[in-house]
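Listed below are the residues making up each chain.
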Amino acid sequence: MIAEGNIKTIDIDKSVLQRIILPNNNSEVTVYLKRDDLIHPEISGNKWRKLKYNLLEAKKNGYGRLLTFGGAFSNHIYAVAAAGKIFEFKTIGIIRGEEHLPLNPTLKFAVESGMELHYLKRSIYRNRNDKNFQAEIAEQFGNVYIIPEGGTNNLALDGVAEIIDELYVDFDYIFTPVGSGGTLAGLVYGLNGKKNVVGISSLKNGNYLNQIVGDLLKKKLPVAPDNWRIICDYSFGGFAKIKPILVEFVERFYSLNAIELDYIYTGKMLFAVDDMIRNNYFSKGSNVVALHTGGLQGNAGMQSKIKKLTIENYYD
Ligand SMILES: *Cc1c(COP(=O)(O)O)cnc(C)c1O
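Cut-offs used in this document
Residues numbered from 1 in each chain as written. Predicted model: local features only at pLDDT ≥ 70, side-chain atom pairs only at ≥ 80, totals over all residues. Heavy atoms only, no water. Helix = DSSP H or I, 4+ residues; strand = E, 2+ residues; numbered from the N terminus. Buried < 20%, exposed > 50% of the residue type's maximum accessible area, 1.4 Å probe, protein only. Contact = heavy atoms within 4.5 Å.

J.: Tell me about the environment of Lys218, and name the residues and values.
T.: Its location among the elements puts Lys218 in helix α8 (residues 209–218). Overall, Lys218 belongs to the exposed group, its relative accessible area being 58%. Measuring from C-alpha to C-alpha, the distance between Lys218 and Tyr189 comes to 9.7 Å, with 29 residues separating the pair along the chain.

Below is the structure:
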């Protein structure tokens, strides 16, 4: 059973706030990293924040099975599989595209954690957020609690908003990576008009996310705050795309702080913060909090991509 007490299996106290050094840090801007990557080795970062109230809701309503959607390298799929194992839910993962054997490290972990995988052609997977499509799926699988791709829904925002109470330094900006927009929306919701919230999109054409985040906020707040923005200039060519300069940054960051970043989300976000410091985006004396959303499981699947980077695409 998952109850508030069981939530202690997830050690929120480990998510400390740590001052970090960025290559372009000058004495005028102070940057702290909120270490949500340390919450749990398997249900890392924002995926736990977004799942928490969904799991409680599923238990409350007597659901024994969770069903969700994701790509083959999805941190969310990994987290739901782990959460199922820990909190005793059966889990079903609907995976975009075809099966590739041997399974990659993400899906191998999911299966080993007891998740049942089903693959959907991309043309059909496209309907994943459609209400009728979800109803069909629910009928096909029986009594399942459906969590959307990326874990982003109304209840996800409640979990993310709890981060705000854990930020015990005075800050002007909070940064988060953006995929589906749920984490950004949760932070804006938690701050309710205070401070500045900046999302760094991991997707190249992430402008549609403004609408999505706006819609999520409308459901939560009578007056949607406007103290947030999404920046799409640091996608490095698109989702899960990397460049040597990003890989170098992640390595440099590790050498300066002994903190691991992932290449899809947190690496791009901190690259952005560093670049924006260099471009004088922040005024003197600004305090910036960056959210380490976790996602380190994905690095195992990135290794072959990193090896393939050659000098030719260095300046792409
Ligand atoms: C899923 C994920 C994100 C994106 O969060 P959204 O709420 O989907 O925008 C950011 N960072 C990491 C590490 C993630 O796994």
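Having put the structure on the table, let's press on.
J.: Provide a residue-level description of unusual backbone geometry, including the pertinent values.
T.: Geometrically, the link from Leu101 to Pro102 is a cis peptide bond, its omega value of -5 degrees lying close to zero. In this structure, Pro102 sits in the loop between β4 (90–96) and α3 (105–112). Of note, the phi angle at Glu88 is positive, near 60 degrees, even though the residue is not glycine. For Glu88, the location among the structural elements is in the loop between α2 (75–87) and β4. Its identity is not glycine, yet Ala258 carries a phi of approximately 55 degrees, on the positive side. For Ala258, the position within the fold is in the loop between α9 (244–257) and α10 (266–278).

J.: For the side chain of Thr91, give the residues involved together with the corresponding values.
T.: With respect to the helices and strands, Thr91 occurs in strand β4. Thr91 gets classed as buried once you look at its relative accessible area, which sits at 3%. Apart from the residues lying within four places of it in its own chain, the contact partners of Thr91 are Leu66, Val80, Ala81, Gly84, Gly114, Met115 and Glu116.

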